[in-house]
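The primary structure of each chain is shown beneath.
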Amino acid sequence: LTSIATEAGGELWSPDGKTILFTSDVYPECDGLPAAESACNAKTLEERKNSKVKAQIFTHLLYRHWNAYKEGTRTHLFVVPVDACLGVAGEGKNDRPALDRTADGGCLYRDLTPGDYDAPVFSLGGQDNYAFSPDGQEICYTSNHEKNPAASTNNDLWIVSIRVGAEESSAQVLAKTKNITADNPASDSTPLYSPDGRYLAYRAQQRPGYESDRFRLMLYDRKTGEKKDPMPDFDHWVGTYTWAGDSETIYFSAEHLRHSLIYAVGPISGGHPQVRTIVGGYNDDVMVAPDGKKLIFSRMSLKAPNEIYTADATAEGCPARTGSVDKGHENCSLSKDQALTHINDPLLSQISWSEDEAFSFTGAHGDWVEGTLVKPPNFDASKKYPVKFLIHGGPQGAWGDDWSYRWNAELFAAD
């Protein structure tokens, strides 16, 4: 992809291995046919780099995220056919189909998300905001097309065939793109197709403009267009999630008290899917092993950064945790045998860790509030110690039994 104007990132292979989906920042005014769009982006980038004027003019929000200026660009999703780029054995690059070549014979990428919009939307981490269908012929992505996205949480899910764009203008591509969540004025994000292709799972909020609204797990039936919440009585914020290979179970993380548990919901095709607690502790990034019997996930605590763990996908309980999580699970203990990686063990074994415990109190409006007490290393109950009271985040963020390189409770207690 030597002809791409800016750095490519977020690469994702199609399930059939024939196409690569990737993100890149582009200048929205360069929308057009693929070859012309490529040339325009390269030309604009070169002109701005060589210009003696370095001042920037901003006409709308957002013009910066954290410490990075947008500089007049938008993030778009591109596809590139692998076979067309590699060519056929024994043939040169100029033997590729004309639609898959740039003017210099390079590999032509196609913009599937043209327009003055970001696709996918800006994110501080978590699950991808775009996905391939199982047959590799369609993508679903998250984008906000509001006139003032800086004041809106109305992210929507859009689907488009990867076959559009070769000979079509940007307007034609957008005309063939379908918004499947237009009926929800709040956020819809993180799409993921079921392995059998019947459903699109995603996370949705209900209150427009409220970033801290609870994320619910939703299912979109690709045949009927029906959308439903498979667990309407589940009152926790759904985090990252994944499908089981049989398309009947979804495993997901959700914060509960000071932890982030892994749950399972299914059978999806049944009338009343059941929710089960699978793994306690502070976990995320859950995946299912190919045989469907094991879960692979990341796990951390106040005393340890992330390591990779495994647990039985069919069990109900907490085989890899510390701390009290759910009622009835208080006696579960952490088994190091379930850790697949031990990268941090040599360093962590040299540190004298502080003890931590949960406590609770009544808030200003009578709300139940939970906190964590972290004692200094080598704590002596006969001595007095100064208290540091840490309040950060909320309601979107909360202190828990989790590791942080920036807000590390153990380091605060040791200071």
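Everything numeric here is computed off the predicted structure, so don't read it as measured data.

Engineer: How do you make sense of unusual backbone geometry when you look at a structure like this?
Structural biologist: With the exception of glycine, most residues fall at negative phi, and the peptide bonds are largely trans. The step from Leu61 to Leu62 runs through a cis peptide bond, and the omega angle for that step is -5 degrees. Among the structural elements, Leu62 can be located in the loop between α1 (34–50) and β3 (64–65). For the bond running from Ala119 to Pro120, omega is 5 degrees, close enough to zero to count as cis. Positive phi values are uncommon outside glycine, yet Thr190 reaches one of about 45 degrees. Backbone geometry places Leu257, a non-glycine residue, at a positive phi of 55 degrees. Among the structural elements, Leu257 can be located in the loop between β16 (250–256) and β17 (259–266).

Engineer: Can you help me understand the sheet that holds strand β14 (residues 227–228) in this one?
Structural biologist: Consider a sheet: its strands pair through backbone hydrogen bonds, and that pairing is either parallel or antiparallel. As summarised here, the arrangement of the four strands in space is β11-β12-β13-β14, forming an open sheet in which the pairing is antiparallel. Since the sheet does not close on itself, it has two edges, and those belong to β11 (188–193) and β14, each with one partner. Pairing of β11 with strand β12 (residues 199–204) involves four bridges; the strand directions are antiparallel. Bridging across to β12, Tyr193 finds its partner in Leu200.

Engineer: Sorry if this is basic, but what is going on with a nonpolar patch on the surface here?
Structural biologist: The grouping of Phe359, Phe361, Leu373, Val387, Phe389 and Ile391 at the surface amounts to a nonpolar patch, some 670 Å² of accessible area in total. Take Phe389: it is sitting in the loop between β23 (368–374) and α5 (409–414).

Engineer: Would you explain the sheet that holds strand β10 (residues 178–179) in this entry?
Structural biologist: Spatial ordering of the open sheet is given by β7-β8-β9-β10, a layout of four strands whose pairing is antiparallel. Of all strands in the sheet, those with a lone pairing partner are β7 (130–132) and β10, marking the two edges. Two elements, strand β8 (residues 138–143) and strand β9 (residues 156–161), share six bridges in a ladder whose sense is antiparallel. The partner of Ile139 across the bridge, within β9, is Val160.

The rules we used
- Residues numbered from 1 in each chain as written.
- Predicted model: local features only at pLDDT ≥ 70, side-chain atom pairs only at ≥ 80, totals over all residues.
- Heavy atoms only, no water.
- Helix = DSSP H or I, 4+ residues; strand = E, 2+ residues; numbered from the N terminus.
- Pairing = 2+ DSSP bridges.
- Patch = residues over 30% accessible without salt bridge, like charges linked within 9 Å, V, L, I, M, F, W, Y side chains within 5 Å.
- Areas by Shrake-Rupley, 256 points an atom, 1.4 Å probe, with all protein chains shown as cover.
- Salt bridge = Lys/Arg side-chain N within 4 Å of Asp/Glu carboxyl O.

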